Amino acid sequence: MAIRIMGTGSCLAEREVSNDELSKYVDTSDEWISSRTGIKNRRIAVTETTTSMAAEAALKALEMAGKAAEDVELIVLATVTPDYYTPSGACQVQAAIGADKAIAFDVNAACSGFVFALNIAKMYIETGFVKNALVIGSETLSKILDWNDRGTCVLFGDGAGAAYVEESDKGIISIVQGSIGKKGMVLNCESRKTNNLFINEEVKPDYLYMDGQEVYKFAVRQCPKCLVEALDKAGMTADDVDYFVLHQANVRIIESVAKRLKAPLEKFPTTLDYTGNMSAASVPVLLDQLVREHGLKRGDKIAMSAFGAGLTYGAVVMEW
């Protein structure tokens, strides 16, 4: 038995913000951003929410798979930017699309979230507890950014991607996951501070903090390592892979991974030039673009990998 993605969908926030436009508000420039990251544009939510984008992406995935929302049995939403502490974003998506039979909950593994959520869905289906699942990554990162910090605010964007999965004869071959909690504070955003009758302090909102150099070193080391491990488990090499679907954080990281795997850069499609880093949404959005615009076909071999806050990392090898 294998677990196969039968449909994908995505949703990007409508408002497009170029590097040049951003430079009117932030001390930066197109040259500074694009030369360091490969990012030229990003989408910033104005009317959209994490839930609304997730729901739209989910409906598109169901449409591609030819499935109805009322038949969905599990919804796992990966996000670090839910609209509410509670109810979960997954429960809100359930209500929005009418998937009334589904178990629904959120997963927080930051940029690795979609890979983690996909593995959860895989295990639910393999045990026979459910027959199918919607796996979603959705983020409104713009609401946790310090727009005076050019080291972080220029990097991120808002969007969602989704996949409908069910049992099949072919599909996911291997999955690798891991966490390095002792290094987690190099990329963090604090939640509400303790604030009650017995604390007399002014509470200020916290914003995303990133030690860019440490995160970069982690990514260029861990991403190829977990990809090789997943390929080994699948009995494959980088030469067998048609497409590497990587988390869209920085084009320099992607180039480094390609070099370490000795794989041609043409096998590494990207979206980050027009989406920026969308955390848990990056991998499923890229996957959806591959399906809809680049002719991904059944039988193609895909290796996905993501890395991010936690620190977390993961890789998936599958036959499409």
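Residues numbered from 1 in each chain as written. Predicted model: local features only at pLDDT ≥ 70, side-chain atom pairs only at ≥ 80, totals over all residues. Heavy atoms only, no water.

Colleague: Kindly report on the environment of Lys 67, identifying the contributing residues and their values.
Modeller: In this fold, Lys 67 is placed in the loop between helix 3 (50-65) and strand 4 (74-78). Linking Lys 67 and Gly 7, residues 60 residues apart in sequence, is a C-alpha distance of 9.0 Å. Excluding anything up to four places from it in sequence, Lys 67 contacts Leu 62, Tyr 164 and Glu 166. (Helix = DSSP H or I, 4+ residues; strand = E, 2+ residues; numbered from the N terminus. Contact = heavy atoms within 4.5 Å.)

Colleague: Account for the sheet that holds strand 13 (residues 312-319), naming residues and giving values.
Modeller: Strand order in this open sheet of four strands is 8-13-12-11, and the pairing throughout is mixed. Looking at the sheet topology across the chains shown, the edges are occupied by strand 8 (172-179) and strand 11 (243-246). Taking the axes of each pair of neighbouring strands and ignoring which way they run, one obtains an average angle of 10° across the sheet. Pairing of strand 8 with strand 13 involves seven bridges; the strand directions are antiparallel. The residue bridging Ser 179 from the neighbouring strand is Thr 312, located in strand 13. Along the sheet, helix 7 (residues 212-234) makes contact with strand 8, strand 11, strand 12 (301-308) and strand 13, crossing strand 13 at roughly 35°. (Pairing = 2+ DSSP bridges. Axes fitted to C-alpha atoms, helices over the stretch in contact; angles between N-to-C directions.)

Colleague: Can you break down the sheet that holds strand 5 (residues 103-107) residue by residue, with the values?
Modeller: Taken together, the five strands give an open sheet; going across it, the order is 1-7-6-4-5, and neighbouring strands pair in mixed fashion. Both edges of this open sheet fall to strand 1 (2-12) and strand 5, since each of them pairs with a single strand only. Put simply, the sheet's adjacent strands are angled 20° from each other on average, direction ignored. Alignment of strand 4 against strand 6 (residues 132-140), held across four bridges, turns out to be parallel. Pairing of Leu 77 across the sheet is with Ile 136, part of strand 6.

Colleague: So, the side chain of Lys 122: which residues are in play, and what are the values?
Modeller: Mapped onto the elements, Lys 122 comes out in helix 5 (residues 113-126). Those residues within four positions of Lys 122 in sequence are excluded, and the remaining contacts are Ile 3, Ile 172 and Ile 175.

Colleague: Hey, could you go over helix 7 for me, with residue numbers and the actual values?
Modeller: The end-to-end C-alpha separation of helix 7 is 32 Å, in line with the 33 Å expected for 23 residues at 1.5 Å each. Within helix 7 the residues assigned to the buried category are Val 215, Phe 218, Ala 219, Val 220, Gln 222, Cys 223, Pro 224, Cys 226, Leu 227, Ala 230, Leu 231 and Ala 234. Note on helix 7: the residue one or two positions beyond its end, Gly 235, has a positive phi of about 70°. (Expected span 1.5 Å × (residues − 1). Buried < 20%, exposed > 50% of the residue type's maximum accessible area, 1.4 Å probe, protein only.)

Colleague: Help me get a handle on the side chain of Gln 222, residues and values and all.
Modeller: As for its position among the elements, Gln 222 is in helix 7. Among all residues touching Gln 222, those that are not within four sequence positions of it are Ile 180 and Tyr 313.

Colleague: Provide a residue-level description of the state of the cysteines, including the pertinent values.
Modeller: Inspection of every chain in the model, using the stated rule, returns zero disulfides. Free cysteine: Cys 111, not disulfide-bonded; nearest cysteine sulfur from Cys 223 at 12 Å. Unpaired in this structure, Cys 153 has its nearest cysteine sulfur neighbour in Cys 189, at a distance of 14 Å. By relative accessible area, Cys 153 is classed as buried at 0%. (Disulfide = S-S within 2.5 Å.)

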